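An overview of the molecular structure
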Amino acid sequence: MFSEKYCYTERPAAIILGRRGFLKVTGLCIAAVSICGYALNDMIARRGIVIKARQHGLYRDDKLCQALGLTSSHQNPTCLQIYKDLDAKPVDHLMHELLHTHYYPRTQLAALTKEEHHG
């Protein structure tokens, strides 16, 4: 009855993934790309909301400063008092040293030593 010998042959590597396996892998890849795309789109949309809120706040502050007549930093009453106390002008080197701010990347600020920070 079972006189025929069964002969097993391996499929070539390119055909190892059958039609159903190919559809499963393709479906998983499409799902992963869709989820990542949605997440990126959501992050970009939230970023836009934050940027617009910040712009609105800056414009509101600018309008308030213009209404108070503070269109330049040297018109600020606090700065004027400092100039008066130190007998200096806005363009003096001392005022530049005292009032000028420096930008430091906040992520690296904790790693800086005191000498590097004030350096």
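Scroll up a little and you will see the structure.
1. Description of the overall build of the chain
Along the backbone of the chain there are five helices and zero strands. Each helix and strand of the chain, placed in order from N terminus to C terminus, yields the pattern α-α-α-α-α. Relative to its full complement of 119 residues, the chain shows a buried share of 4%. Put simply, the chain shows about 11,700 Å² of open surface, and 61% of that area lies on carbon and sulfur atoms.

2. A short note on a nonpolar patch on the surface
A cluster of nonpolar residues, Leu17, Phe22, Leu23 and Val25, forms a patch on the protein surface that exposes about 390 Å² of accessible area. As for its placement among the helices and strands, valine 25 is situated in helix α1 (residues 19-67). When its relative accessible area of 41% is taken as the criterion, valine 25 is described as partly exposed.

3. Some remarks on the pattern of salt bridges
In total, this model carries one salt bridge according to the counting rule given. Linking aspartate 42 and arginine 46 is a salt bridge whose minimum nitrogen-to-oxygen distance equals 3.0 Å. Highlighted residues: aspartate 42 and arginine 46, both in helix α1, separated by four residues, approximately one helical turn.

4. Considerations on the environment of asparagine 76
You can see asparagine 76 is positioned in the loop between α1 and α2 (77-86). Sequence separation of asparagine 76 and cysteine 65 is 11 residues, and the distance between their C-alpha atoms is 9.5 Å. Within the structure, asparagine 76 has its side chain in polar contact with the backbone nitrogen of threonine 78 (distance 2.9 Å).

5. Quick look at α1
Compared with the 72 Å implied by 1.5 Å per residue over 49 residues, the 71 Å span of α1 between its first and last C-alpha is a close match. Count one or two residues on from α1 and you reach glycine 69, which has phi positive near 80°.

Rules behind the numbers
- Residues numbered from 1 in each chain as written.
- Predicted model: local features only at pLDDT ≥ 70, side-chain atom pairs only at ≥ 80, totals over all residues.
- Heavy atoms only, no water.
- Helix = DSSP H or I, 4+ residues; strand = E, 2+ residues; numbered from the N terminus.
- Buried < 20%, exposed > 50% of the residue type's maximum accessible area, 1.4 Å probe, protein only.
- Areas by Shrake-Rupley, 256 points an atom, 1.4 Å probe, with all protein chains shown as cover.
- Patch = residues over 30% accessible without salt bridge, like charges linked within 9 Å, V, L, I, M, F, W, Y side chains within 5 Å.
- Salt bridge = Lys/Arg side-chain N within 4 Å of Asp/Glu carboxyl O.
- Polar contact = N/O pair within 3.5 Å; in protein donor to acceptor, adjacent residues only side chain to side chain.
- Expected span 1.5 Å × (residues − 1).

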